[in-house]
Amino acid sequence: MKITVRQITFTAILTAITAALCSFHIPLGFANLYLVDIAVCMAGILLSPFFAFCAGACGAFLGDLLFYPQAMMVTLIVRTVQVVVISVFSRYIMKNRPFLSSLIGCIIGVIIMALGYSYFSVLFYSRIEQALAKLPLEALQAAVGVAIALPVCYKFRLREILDGYEKKDDL
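No experiment lies behind these values; they were computed from the predicted model shown. (Residues numbered from 1 in each chain as written. Predicted model: local features only at pLDDT ≥ 70, side-chain atom pairs only at ≥ 80, totals over all residues. Heavy atoms only, no water.)

Caption draft 1: Molecular detail of the overall build of the protein. Secondary structure assignment for the protein yields seven helices and two strands. Each helix (α) and strand (β) of the protein, taken in turn from the N terminus, gives the series α-β-β-α-α-α-α-α-α. The C-alpha atoms of the protein give a radius of gyration of 16 Å, which matches the 16 Å a tight globule of 171 residues would have. Overall size of the protein, expressed as C-alpha extent along the three principal axes, is 55 × 30 × 25 Å. Here the analysis covers contacts within the protein between residues at least 6 apart in sequence; of these, 70% occur between residues at least 24 apart. Accessible surface, the protein as shown: approximately 9100 Å² in total, 73% of it carbon and sulfur. The protein carries 13 positive and 9 negative side-chain charges, and their two centres are separated by 6 Å. (Helix = DSSP H or I, 4+ residues; strand = E, 2+ residues; numbered from the N terminus. Rg over C-alpha atoms; globule rule 2.2 N^0.38 Å. Contact = heavy atoms within 4.5 Å. Areas by Shrake-Rupley, 256 points an atom, 1.4 Å probe, with all protein chains shown as cover. Lys, Arg positive; Asp, Glu negative; His and termini not counted. Charge placed at Lys NZ, Arg CZ, Asp CG, Glu CD.)

Laid out in structure tokens, this is it:
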């Protein structure tokens, strides 16, 4: 596998965006809606699985290291599975229908994220009621990330642009 300067650069930019978005949230009154899912989904859609892991999971891990250190290991585990699944679907499943493939991958990613954080919530707090109460909010947070990331990646043709750069690097 040949790693190019462009791949490293795009991965680093998305890693920084992911880490930064860990600190931004929308207060809903009863909870906060974090915006990190936008960058995680974009990393999964735009990058190959290894680079998506570096940008999405490691970026979220670094963000949690800076802002919420008690959750950083959980974030690394859950976001790794989420972003790799999104990337595999976006890159390798239904290649002739990339938007639909990315949408399916992101929907599976929403489920992984919501169930993953809820599972670890049960392990840490030993209260299934508390985890079940947070499950809809986790799903909403991930769904908002998908609702923003998919149009941004495909409306602005970011996926095509990055794929074009990869083809230029292969020459």
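Caption draft 2: Geometry of a nonpolar patch on the surface. Taken together, Val88, Tyr92, Ile93, Met94, Leu100 and Ile104 make up a surface patch of nonpolar side chains, about 430 Å² in accessible area. Put simply, the parts of the chain that give the nonpolar patch at least two residues each are helix H4 (72-92) and helix H5 (98-125). Here Leu100 is to be found in helix H5. Here Leu100 falls in the partly exposed class, since its relative accessible area comes to 31%. (Patch = residues over 30% accessible without salt bridge, like charges linked within 9 Å, V, L, I, M, F, W, Y side chains within 5 Å. Salt bridge = Lys/Arg side-chain N within 4 Å of Asp/Glu carboxyl O. Buried < 20%, exposed > 50% of the residue type's maximum accessible area, 1.4 Å probe, protein only.)

Caption draft 3: Representation of the layout of surface pockets in the model. Counted as a void, the largest pocket has a volume near 660 Å³. Lining the largest pocket are 23 residues, and of these Asp64, Ala71, Tyr117, Lys134 and Glu138 lie nearest its centre. For the lining of the largest pocket, the secondary structure elements donating two or more residues are strand S2 (32-34), helix H3 (49-67), H4, H5 and helix H6 (128-155). Among the elements that line the lining of the largest pocket, the one with the most residues is H5, at six residues. (1 Å grid on protein atoms, 1.4 Å probe; cavity = no way out; pocket = protein on both sides within 12 Å on 5 of 7 lines; lining within 4 Å. Points joined across faces, edges and corners; volume = space filled by probe spheres on them.)

Caption draft 4: Looking closely at the nonpolar core. Counting 35 residues, the largest nonpolar core has Ile45, Leu46, Leu47 and Cys106 as the members making the most contacts within it. Looking at this core, the elements that each hand over two or more residues are helix H1 (5-21), helix H2 (36-46), H3, H4, H5 and H6. What Leu46 contacts, discounting residues up to four positions off in sequence, is Leu14, Arg91, Cys153, Leu158, Arg159 and Leu162. (Core = buried A, V, L, I, M, F, W, Y, C linked by side-chain atoms within 4.5 Å.)

Caption draft 5: Fine view of the packing of aromatic side chains. With the rule as written, the count across this model stands at five aromatic pairs. When the centroid spacing of 5.3 Å and the interplanar angle of 70° are considered together, the rings of Phe50 and Phe51 count as edge-to-face. Ring geometry for Phe99 and Tyr154: centres 5.3 Å apart, planes at 80°, overall edge-to-face. On the criterion of sequence distance, the pair formed by Phe99 in helix H5 and Tyr154 in helix H6 is long-range, its members being 55 residues apart. Looking at Phe99, the relative accessible area reads 42%, which means it is partly exposed. Here the aromatic residues Tyr119, Phe120 and Phe124 are joined through ring pairs into a cluster of three or more. (Phe/Tyr/Trp six-rings, centres within 6.5 Å; stacked < 30°, edge-to-face > 60°.)

Caption draft 6: Broad picture of the pattern of salt bridges. Within this structure, the stated rule accounts for five salt bridges. With a closest N to O distance of 3.1 Å, Arg157 and Glu160 form a salt bridge. One network of salt bridges, in which partners are shared, links Arg91, Arg159 and Asp163.

Caption draft 7: Spotlight on H2. With eleven of eleven residues buried, H2 is to be regarded as a mostly interior element. All buried positions along H2 are accounted for by Val36, Asp37, Ile38, Ala39, Val40, Cys41, Met42, Ala43, Gly44, Ile45 and Leu46.

From the geometry alone we can't say anything about function, so treat these as descriptive.
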